[in-house]
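# Geometric and topological summary
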Amino acid sequence: MIDISAKPLKHTSLRSIAVSTGISILLMGVIAGVVMGLLFTPLFTFQKSSEVQAYLMENQSGFRFGILGWIAILICDIVAAWGLYVFYKGRNNEISLLTALFRLVYAAILGTAICFLIASLPLISSVQHPGNTEPLVMYIKAFQQIWSFGLIIFGLHLLGVALLVFQRKVVFYLLSGLLLLAGFGYIIIHAGELFVPDFKELRIFLETLFMAPMILGEIGLALWLLVKGGRRGSAL
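All right, on to the nonpolar core then. Ranked by size, the top nonpolar core spans 65 residues in total, and within it Phe40, Leu43, Phe63, Trp70, Leu110, Phe143 and Trp147 carry the most contacts. In terms of residue count, the dominant contributor to this core is helix H5 (residues 133-165) (13 residues). What Trp70 contacts, discounting residues up to four positions off in sequence, is Val35, Met36, Phe40, Leu110, Ile114, Leu117, Phe143 and Trp147.

Below is the structure:
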């Protein structure tokens, strides 16, 4: 059973949790960069089913590797949700628990989206038949839309983390501000993607606007957790 009490942990325990959480967040960032940058971003930009078909036929091994990457990201998300909760529950147990729940809900949504990618695997070898192309494209689009909805929940998680991180020190002002902007960025961009017609051009602008905090917020927190988190004399 998970302990949801606000009882503070020993510094040694906090330190190990900080390190494991920081590693999980950084590892997730690296894997996401590889999976999205090299494999899935081109897939999401195609407008025609024939383009999706050609891309997957040429990159079947890469697509399977990408699914494994998404599963690894899912595991890292669960570890990060638990670690951030345990690390910050001594500061504010209620906000920390709610923040962790948001990330776990996001992880559940991401897991659902990944199921559509796994379901598409048997279709890849048979997409040369015209009748099989549309179901494959449908699975890819379903993954994209479900994941996009999940990122709205992830944005709420980051807003909670921003509240937990905030302290009257410059580094925490900066981290909290970056996480706050990142959270709003995820919510605005992906809500717009799902609910606003003709959002493409505005999305490009918003992604450019929020790119720095969306990248630096969690990475900065992960580096602080690795270097300073849980050490004696350092703030939570």
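Scanning the entire structure with this criterion turns up four salt bridges. Residues Asp77 and Arg103 are paired through a salt bridge, measuring 2.8 Å at the closest nitrogen-oxygen approach. With Asp77 in helix H3 (residues 60-88) and Arg103 in helix H4 (residues 93-124), this pair connects stretches of sequence that are 26 residues apart. For the pair shown, Asp77 and Arg103 are each scored as buried. Of the charged contacts, one joins Glu193 and Arg203 as a salt bridge, the two residues approaching to 2.8 Å between their closest N and O atoms.

Per-residue pLDDT for the protein chain has a mean of 88; in total, 89% of the residues score no lower than 70. The weakest mean pLDDT in the protein chain belongs to helix H2 (residues 49-58) at 80; the strongest belongs to H3 at 95.

Bringing the packing of helix H6 (residues 170-195) against helix H7 (residues 200-227) into the picture now. At their nearest, the axes of H6 and H7 sit 7 Å apart, and the two run at 140° to each other. In terms of their interaxial angle, H6 and H7 are classed as oblique. Our pair here, H6 against H7, has a crossing hand that is left-handed. Of the residues in H7, those touching H6 at Phe172, Leu175, Leu178, Leu179, Leu181, Ala182, Gly185, Tyr186, Ile188, Ile189, His190 and Glu193 are Arg203, Leu206, Glu207, Phe210, Pro213, Met214, Leu216, Gly217, Glu218, Gly220, Leu221 and Trp224.

A few words now on the layout of surface pockets. When its volume is computed, the largest pocket comes out at roughly 1600 Å³. Met36, Trp147, His190, Arg203 and Glu207 are the residues nearest the centre of the largest pocket, which is lined by 44 residues in total. Secondary structure elements with two or more residues in the lining of the largest pocket: helix H1 (11-45), H3, H4, H5, H6 and H7. Per-class residue counts for the lining of the largest pocket are 26 nonpolar, nine polar and nine charged.

Two measures describe an aromatic ring pair: the distance that separates the ring centres and the angle between the ring planes. Taken as a whole, this structure holds 15 aromatic pairs when the rule is applied. Each ring, one from Phe40 and one from Phe143, has its centre 6.0 Å from the other, and the planes form 45°; the classification is tilted. With Phe40 in helix H1 and Phe143 in helix H5, this pair connects stretches of sequence that are 103 residues apart. Here the aromatic residues Phe40, Phe44, Phe63, Trp70, Phe143 and Trp147 are joined through ring pairs into a cluster of three or more.

For Thr112, the location among the structural elements is in helix H4. Classification of Thr112 as partly exposed rests on a relative accessible area of 39%. In this structure the side chain of Thr112 is engaged in a polar contact, spanning 3.0 Å, whose partner is the backbone oxygen of Ala108.

Here we take up unusual backbone geometry. The backbone phi angle of Asp198 is positive, close to 50°, even though this residue is not glycine. Note that Asp198 resides in the loop between H6 and H7.

This paragraph deals with the side chain of Ser120. Within the secondary structure layout, Ser120 lies in helix H4. Using a relative accessible area of 0% as the deciding quantity, one classes Ser120 as buried. A distance of 2.5 Å separates a polar atom in the side chain of Ser120 from the backbone oxygen of Leu117. The contact partners of Ser120, leaving out residues within four places of it in the chain, are Phe63, Leu136, Tyr139 and Ile140.

What counts and what doesn't
Residues numbered from 1 in each chain as written. Predicted model: local features only at pLDDT ≥ 70, side-chain atom pairs only at ≥ 80, totals over all residues. Heavy atoms only, no water. Core = buried A, V, L, I, M, F, W, Y, C linked by side-chain atoms within 4.5 Å. Buried < 20%, exposed > 50% of the residue type's maximum accessible area, 1.4 Å probe, protein only. Helix = DSSP H or I, 4+ residues; strand = E, 2+ residues; numbered from the N terminus. Contact = heavy atoms within 4.5 Å. Salt bridge = Lys/Arg side-chain N within 4 Å of Asp/Glu carboxyl O. pLDDT = per-residue confidence, 0-100. Axes fitted to C-alpha atoms, helices over the stretch in contact; angles between N-to-C directions. Parallel < 35°, antiparallel > 145°, perpendicular 65-115°, else oblique. Left-handed = near helix turned anticlockwise from the far one by under 90°. 1 Å grid on protein atoms, 1.4 Å probe; cavity = no way out; pocket = protein on both sides within 12 Å on 5 of 7 lines; lining within 4 Å. Points joined across faces, edges and corners; volume = space filled by probe spheres on them. Nonpolar A, V, L, I, M, F, W, Y, C, P; charged D, E, K, R; others polar. Phe/Tyr/Trp six-rings, centres within 6.5 Å; stacked < 30°, edge-to-face > 60°. Polar contact = N/O pair within 3.5 Å; in protein donor to acceptor, adjacent residues only side chain to side chain.

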